[in-house]
Amino acid sequence: MCGKQQVRMAGGVEYILQRKKVKRINLRLRPDGTAAVSAPSRVPAEQIDRFVASHAEWVSRAREKAARRAAALAVPPPDAARCRAVFAAADAVVWPLVAEALDGRRPEIRVRDMKTRWGVCSPAQYRITLASRLAAQPPAAVEYVLLHEYVHFFHPDHQAGFWGMMARLMPDYAQRRALLRQSV
Ligand SMILES: [Zn+2]
């Protein structure tokens with residue numbers, strides 16, 4: 001089903017073209033930063049070049065983002081002692097916001113070297129798992145993530161009820177979340 005690969009250049013973007021049984025032209029960035037295009041065999045190469053050229057800015061932005069992410073992941077996460085200290089400080093701020101609603105039952109908080117998520121809430125295990133890399137983020141952002149996971153004990157999804165509770169407990173949660181997005 002997969003045709004031959006061809007390296008092409010359009011709008012300053014080098015890309016790998018692969019002919020496939022797809023419905024339309026698909027452009028994606030591979031984890032190593034290579035632009036890859038799959039396209040149906042009936043679409044002329046010139047049309048694909050134009051498509052890629054019109055997405056040159058998207059490709060360069062996506063490449064920058066991938067490079068920033070790779071650089072961030074190349075830095076080792078804070079050690080266990082540092083994580084414990086940072087997360088205990090955040091919990092001292094956040095736990096009082098939910099303590100009553102959770103009947104004073106503190107969930108277990110675990111730390112793991114996660115690369116794609118800052119935190120995970122597991123209501124069945126009554127547990128919150130935080131990424132060790134989170135400990136390198138600004139305290140205001142760490143508190144946001146921790147509260148986010150606590151609120152998942154009440155709202156498993158991200159529907160209006162979830163964000164309503166976030167806003168009530170932490171009115172500046174959006175600014176805190178923005179700090180997190182700028183960092184990685
Ligand atoms: Zn969530």
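The structure this text deals with has already been given above.
Residues numbered from 1 in each chain as written. Predicted model: local features only at pLDDT ≥ 70, side-chain atom pairs only at ≥ 80, totals over all residues. Heavy atoms only, no water.

On to the sheet that holds strand β3 (residues 26–29). Taken together, the four strands give an open sheet; going across it, the order is β1-β2-β4-β3, and neighbouring strands pair in mixed fashion. Each end of this open sheet is capped by a strand with a single partner; those strands are β1 (5–10) and β3. Neighbour-to-neighbour, the strand axes of the sheet open up by a mean angle of 30 degrees, direction not taken into account. Looking at chain direction, β3 and strand β4 (residues 35–39) are connected through four bridges and run antiparallel. (Pairing = 2+ DSSP bridges. Helix = DSSP H or I, 4+ residues; strand = E, 2+ residues; numbered from the N terminus. Axes fitted to C-alpha atoms, helices over the stretch in contact; angles between N-to-C directions.)

The backbone of D103 shows a phi angle near 55 degrees, a positive value even though the residue is not glycine. You can see D103 is positioned in the loop between α3 (80–98) and β5 (108–112). Within the chain, Y126 stands out as a residue other than glycine whose phi angle is a positive 50 degrees.

Shape descriptors only; they carry no functional weight alone.
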